[in-house]
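Here is how the chains run, residue by residue.
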Amino acid sequence: MVSEAEKHTESPFLENDLLKIDKEKKTIIAGSTKDVLIDTDTGEVVGKTVLHRYKEVDKSQFVKLFIGEVSSLFELSKPGLKVFGYVLESLPINKGEIYIHIPDLMEYCGYKTKRQAYKGLGELIYNKIIAMSTKPSVWYINPAIVFNGDRIAFIKEYRLKSTSEKGMQLKIEE
């Protein structure tokens, strides 16, 4: 909830180059790393097959794709997604802070009450996409997730579920 969120005097996102969020059965890693074939928990070199797709799109497609991928990574609800769209549209170039005027946010998102706006903001806080500042209406953005660049790569990793040998034998015998 936004009212219970920690307030910061400076951006909490500038401390680390790499953001790691563990959520149930998936880990989200965002930021810069020198080698994507390194396990960030153990430092061990891990072999992976990487399939890379490059596609050039116009700005509106880029924003839609970016919002869609971030939404699926962080499992944002409709209010979270709309507020994230507002943050992207309102973010000044090369700034780590954003001024969020709640009535402007409500108008952009088509909300009639502040409740939905604060629900969306709360999701972005929970997912470490933004953080509250001690200054009224000023929010810090996480540059590892929200940026003003012209390209981005999303990496999805799929792993086979491990099964016991006994379970494998049962399946074979059937």
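Placed above this text is the structure.
Residues numbered from 1 in each chain as written. Predicted model: local features only at pLDDT ≥ 70, side-chain atom pairs only at ≥ 80, totals over all residues. Heavy atoms only, no water.

A. The arrangement of the side chain of Asn142 in detail. Mapping Asn142 onto the fold places it in the loop between β6 (138–141) and α5 (165–173). The exposure class of Asn142 is buried, given its relative accessible area of 2%. There is a polar contact of 2.8 Å between the side chain of Asn142 and the backbone oxygen of Lys128. From its side chain, Asn142 meets the backbone nitrogen of Ala144 in a polar contact 2.9 Å long. (Helix = DSSP H or I, 4+ residues; strand = E, 2+ residues; numbered from the N terminus. Buried < 20%, exposed > 50% of the residue type's maximum accessible area, 1.4 Å probe, protein only. Polar contact = N/O pair within 3.5 Å; in protein donor to acceptor, adjacent residues only side chain to side chain.)

B. Highlighting helix α3 (residues 102–109). Of the residues making up α3, those classed as buried are Ile102, Leu105, Met106 and Cys109. Buried residues along α3 cover an arc of 100° about the axis, so they all sit on one side. Buried residues in α3 make contact with α2 (78–90) and α4 (114–126). Two residues or fewer after α3 comes Gly110, characterised by a positive phi angle close to 75°. (Arc of directions from axis to C-beta. Contact = heavy atoms within 4.5 Å.)

C. Structural view of the layout of surface pockets. As a volume, the second largest pocket reaches approximately 190 Å³. Met132, Lys135, Pro136, Ser137 and Trp139 are, among the 14 residues lining the second largest pocket, the residues nearest its centre. Secondary-structure elements contributing two or more residues to the lining of the second largest pocket are β5 (130–133) and β6. Broken down by class, the residue content of the lining of the second largest pocket amounts to 8 nonpolar, 4 polar and 2 charged. (1 Å grid on protein atoms, 1.4 Å probe; cavity = no way out; pocket = protein on both sides within 12 Å on 5 of 7 lines; lining within 4 Å. Points joined across faces, edges and corners; volume = space filled by probe spheres on them. Nonpolar A, V, L, I, M, F, W, Y, C, P; charged D, E, K, R; others polar.)

In short, the description is geometric, and any link to function would need to be established separately.
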